[in-house]
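Below, each chain spelled out in residue letters.
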Amino acid sequence: MQPQQSLKNLFLRTNGLIKIKPKVRVTDNYTLSLVYTPGVGHICKVIQKDPDQLYDLTITGNSIALLADGSKFNLPRSSKMIPNLEAISALYKAFYDVDAYPIILDRNIMTDVSDYVLVMDNLSPTYKTIVLIDIEDTLASQILTAVENANLQCTVIISNSHNLREQLYDAALVKATLDARAILKPSQCEQIKKSITSIDFTNLPSYLTITLNKAYAQGLQEIYNNKWCHHTVSNIKPEIFINKLNDLYIYGEVAYYNKWSNNHLLQNNDFNQNSLELHKRYNGMITIELKFNPRSLEDLFRIYETSYQQDELAQLRQILIDDPTKLREITFKKNYAAIITNGTAILGLGNIGPSAGSPVMEGKSVLFNALGGIDLMPICLKEKDPHKLVRIIKCIAPIFSAINLEDLRAPDCFPIEEEAVHSLHIPLMHDDQHGTAVVSLAAVINYLKLTKKNVKDLKLVINGAGAAGVAICKLLYGHGIQDIVMCDTSGIIYEGRPQNMNNFKNDLAKFTNKDKIQGSLADAVKGRDLFVGVSSAGALTQDMVKAMNKDPFILALANPVPEIMPDEAIEAGAFIVATGRSDFNNQVNNSLAFPGIFRGAIDTRAKEINLEMKIAAAYAIANSIKESELSTTKILPGALTAEIPANVARAVAIAAMKTGVAKVNVDPEKVFDESRKLIMEGHLAGI
């Protein structure tokens, strides 16, 4: 006999119920440039100038954060709540097309109601509606009281019922709140829900979609009647939203996609305009997707109802309590990671804030998925203080298999990463530092092959002592380059320099610039083989290049305008020039590194991403080009070369096991094969 359809069987068969899906397929460098850099930088500036655009250009307009802490069931480890979170997320998606991103809260850290308020406040730049599920009753009441009296920029809803119809009422409330872009107090939510529950759900699943739409319409009308909607939608009649939801039940999620503007031709516009058009069309670049395909919503309703009657979520929690290793087998945890920023160093735009940084996090999520098969939740936090930021990250970390830190300003990024790595014991990396460093090392490895030079004979100058500059310095030094001089805005860094120093520069000065050279960048480049620029446009001149050793390698990585343009550097005598741009040869693109690094680290459950793993990744990237194919214009592979993430994942897995940071031993060839399948098939690879 066929096994009975149930949530439990779905979990066991499909490794959880949900995944994150990019709305746009990244098939070439042009699409990559619209979804990520350089196009995404324009989206950030648009939102910085007009914060209301956040609703139209990012996932904010249709996304919520879905939180649980295990307190209702007094679970010692709250990660056992993942089945409950996935079940609710799938329910919200299937019945109301709401994207609910799950987060587990660590009750061992969150000792007070104020901690809950702090976390929710910090999540609010991206998630304007936050739903907590299965919260212990007294704690739930305390949280709602605190939120009622706080000035949060998000709506907070607690959904504690395990009755399917009650959960659908809550889903209608969430959907109405999102579409009205309303920031509501708990008392206002109660008033709206009272209106919603006037719609009788007793006879469901009969007339299911009609009834669901009526409940949503009732809630939406209540918000409009009380003038609680956001000013950007106050002139839109509720009937427009109600009809759109009805279209959803007929046409699927495409009912919510916007049409291309009339007469908009991609070829007639630049990256900025085309990226803006793309983000307007999709209202963000990612969405939640079900891992299963129910024949009808009525069938899915019956599956949920039967599973709730049999308390299957409790059965799944018990399986995880009895055997914690099952967590990565029957839930989506194995592939679920986070990208976290506080908006203090977004691309080359600086401290533009967490909301304006949202598009970058979404673009990175698309790349993680397309190139590493990893589901990446974008999180933009308000907190600026490094220690407090790490504490918030620890509060929300239990559900994630890995964390990518992004666009954190220097020098704050260094203690943030260090403290988080030592606290969490999961793969965690600040990509702005280490992604750039790994790809730069790969380029240097191939430079050495072409020139037949010895790594220990190389003389390196790095211009820029920020996040990337420091990481590049440490990685290249760890690989064997001994003679390094670093420069910042005050000139050459040397031990004992009296101005513009900090603890991190003092540490660098202990092993760099052993001759204690002083002066400017012009003095530092003399007789050098390598220049790495992570600084500003035009910082390197042709005269400086001429003062370097024969056949120098120039990595001018400032974006969007490099330290020197490639043609100018070649004219001045450069042997090879690499930049961060896709429209020049030899692009140093972090996407060559981070998908495979995280894939290999996740698959081995590495406690950290160490130096050996980064060097292994660099060699995997460098060796993806045969020596016979290397040239001055092909020192690095293309960013979308299909086999690179799998090659990097295999190399990183081997290094993790050799250095003892892997929690599990795996077959490296299986890591390679599974990586290829994930890239090719998505979540189907796990079935």
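It should be emphasised that the depicted structure is a prediction, and the values quoted were computed from it without experimental measurement. (Residues numbered from 1 in each chain as written. Predicted model: local features only at pLDDT ≥ 70, side-chain atom pairs only at ≥ 80, totals over all residues. Heavy atoms only, no water.)

(A) Broad picture of the overall build of the protein chain. A count of helices and strands for the protein chain gives 28 helices and 16 strands. At 26 Å, the protein chain has a C-alpha radius of gyration in line with the 26 Å of a compact globule built from 687 residues. Projected onto its principal axes, the C-alpha positions of the protein chain cover 80 × 55 × 45 Å. Within the protein chain, the proportion of its 687 residues that are buried is 61%. A separation threshold of at least 6 residues defines the contact pool for the protein chain, and within that pool the share at least 24 residues apart is 74%. Carbon together with sulfur atoms contributes 47% to the accessible area of the protein chain, which is approximately 26,400 Å² in total. (Helix = DSSP H or I, 4+ residues; strand = E, 2+ residues; numbered from the N terminus. Rg over C-alpha atoms; globule rule 2.2 N^0.38 Å. Buried < 20%, exposed > 50% of the residue type's maximum accessible area, 1.4 Å probe, protein only. Contact = heavy atoms within 4.5 Å. Areas by Shrake-Rupley, 256 points an atom, 1.4 Å probe, with all protein chains shown as cover.)

(B) A look at a nonpolar patch on the surface. Residues Tyr30, Trp260 and Leu266 make up a contiguous nonpolar surface patch of roughly 250 Å² in combined accessible area. Among the structural elements, Tyr30 can be located in helix H2 (residues 29-35). (Patch = residues over 30% accessible without salt bridge, like charges linked within 9 Å, V, L, I, M, F, W, Y side chains within 5 Å. Salt bridge = Lys/Arg side-chain N within 4 Å of Asp/Glu carboxyl O.)

(C) Seen up close, the pattern of salt bridges. All chains considered together, the criterion is met by 28 salt bridges. Note that Lys505 is salt-bridged to Asp488, the shortest N-O span being 2.8 Å. Pair noted here: Lys505 is in helix H21 (residues 503-511) and Asp488 is in strand S12 (residues 483-488), with a separation of 17 residues, a long-range link. Classification of Asp488 as buried rests on a relative accessible area of 12%.

(D) Quick look at the packing of aromatic side chains. Under the definition given, this model contains twelve aromatic pairs. With a centroid separation of 4.2 Å and 25° between ring planes, the pair formed by Phe332 and Tyr336 is classed as stacked. The exposure class of Phe332 is buried, given its relative accessible area of 4%. Note on Tyr336: relative accessible area 1%, which makes it buried. Feature note: the residues Phe332, Tyr336 and Phe400 constitute an aromatic cluster, connected by ring pairs. (Phe/Tyr/Trp six-rings, centres within 6.5 Å; stacked < 30°, edge-to-face > 60°.)

(E) Representation of the nonpolar core in the model. Grouped together as the largest cluster of nonpolar side chains are 229 residues, with contacts concentrated most on Phe95, Tyr96 and Ile403. Aside from chain neighbours lying at most four places away, what touches Ile403 is Ala338, Ile340, Ile393, Ala397, Leu424, Ile426, Pro427, Leu428, Met429 and Phe598. Counting 19 residues, the second-largest nonpolar core is a separate cluster that includes Leu521, Ile554, Ala574 and Val577. (Core = buried A, V, L, I, M, F, W, Y, C linked by side-chain atoms within 4.5 Å.)

(F) Representation of the sheet that holds strand S10 (residues 428-430). Strand order in the open sheet formed by four strands is S8-S7-S9-S10, with parallel pairing between adjacent strands. The strands lining the two open edges of the sheet, one partner per strand, are strand S8 (375-380) and S10. On average, each strand axis in the sheet is inclined to that of its neighbour by 20°, with strand direction left out of account. In the sheet, strand S9 (residues 403-405) pairs with S10 via three bridges, with the strands oriented parallel. Its bridge partner being in S10, Leu405 is matched across the sheet by His430. This element, helix H19 (residues 431-451), spans S9 and S10 of the sheet and lies at about 85° to S10. (Pairing = 2+ DSSP bridges. Axes fitted to C-alpha atoms, helices over the stretch in contact; angles between N-to-C directions.)

(G) Representation of helix H7 (residues 137-149). Taking 1.5 Å of rise per residue, the 13 residues of H7 would be expected to cover 18 Å, and the 19 Å separating its terminal C-alpha atoms lies within 8% of that figure. Considered for burial, the residues of H7 that qualify are Leu139, Ala140, Ile143 and Val147. Burial along H7 is one-sided: seen end-on, the buried residues are contained in an arc of 100°. Structural note: H7 exposes Asp137 and Asn149 on the side pointing more than 90 degrees away from its buried face. Of the surrounding secondary structure, the elements contacted by the buried residues of H7 are helix H6 (113-123), strand S4 (129-133), strand S5 (155-159) and helix H9 (186-196). Of the residues that open H7, the one with a side-chain oxygen 3.1 Å from the backbone nitrogen of Thr138 is Glu136. (Expected span 1.5 Å × (residues − 1). Arc of directions from axis to C-beta. Polar contact = N/O pair within 3.5 Å; in protein donor to acceptor, adjacent residues only side chain to side chain.)

(H) Structural context of the sheet that holds strand S15 (residues 553-556). Pairing in this open sheet of six strands is mixed, and the strands run S13-S12-S11-S14-S15-S16 from one edge to the other. Both outer strands of the open sheet, strand S13 (491-492) and strand S16 (576-579), are each paired with one neighbouring strand and no more. Against the sheet, H19 touches strand S14 (530-533), S15 and S16, its axis set at about 165° to S15.

(I) Up close: the UniProt feature "domain: Malic enzyme NAD-binding" (unreviewed entry) in the protein chain. Per the UniProt entry, the sites bearing "domain: Malic enzyme NAD-binding" (unreviewed entry) are residues 433-657 in this numbering. Annotation note: span residues 433-657, helix share 40%, strand share 11%, distance between end C-alpha atoms 23 Å. (UniProt positions renumbered as here; feature names shortened; annotations may be inferred.)

(J) Spatial organisation of the UniProt feature "domain: Malic enzyme N-terminal" (unreviewed entry) in the protein chain. What UniProt calls "domain: Malic enzyme N-terminal" (unreviewed entry) maps, in this numbering, to residues 15-148 and 283-421. Taken end to end, residues 15-148 has its terminal C-alpha atoms 38 Å apart, with 45% of it in helix and 16% in strand. For residues 283-421, the end-to-end C-alpha separation is 34 Å, with 45% helix and 14% strand making up the annotated structure.

(K) Molecular detail of the pairing of strand S11 (residues 459-463). Most of S11 sits out of view: four of its five residues are buried. Here five bridges tie S11 to S12, and the two strands are oriented parallel to one another. Within S12, the position partnered with Lys459 by the bridge is Asp483. This β-α-β element, S11 to helix H20 (residues 467-478) to S12, shows right-handed connectivity. Alignment of S11 against S14, held across four bridges, turns out to be parallel. Residue pairing for S14: Val461 is matched across the bridge by Phe531. (Right-handed = clockwise from strand over helix to strand, strands pointing away.)

(L) A look at the packing of H6 against H7. Taken N-terminus to C-terminus, the directions of H6 and H7 make an angle of 55°; their axes are 9 Å apart at the nearest point. Viewed along their axes, H6 and H7 adopt a mutual orientation that is oblique. In the packing of H6 onto H7, the handedness of the crossing is right-handed. Residues Val113, Tyr116, Val117 and Met120 of H6 lie in contact with H7, whose contacting residues are Leu139, Gln142, Ile143, Ala146 and Val147. Residues of the contact of H6 with H7, tallied by class, amount to eight nonpolar, one polar and no charged. (Parallel < 35°, antiparallel > 145°, perpendicular 65-115°, else oblique. Left-handed = near helix turned anticlockwise from the far one by under 90°. Nonpolar A, V, L, I, M, F, W, Y, C, P; charged D, E, K, R; others polar.)

(M) Quick peek at unusual backbone geometry. With an omega of 5°, the peptide bond between Thr37 and Pro38 qualifies as cis. Considering the arrangement of structural elements, one finds Pro38 in the loop between H2 and helix H3 (39-49). In this structure, Pro411 follows Ala410 across a cis peptide bond, with omega equal to 5°. Position of Pro411 among the secondary structure elements: in the loop between S9 and helix H18 (413-424). A positive phi angle, close to 50°, is found at Arg181, a residue other than glycine. Within the secondary structure layout, Arg181 lies in the loop between helix H8 (164-179) and H9. Its relative accessible area of 14% is what places Arg181 among the buried residues. One non-glycine residue, Lys452, lies in the positive phi region at around 60°.

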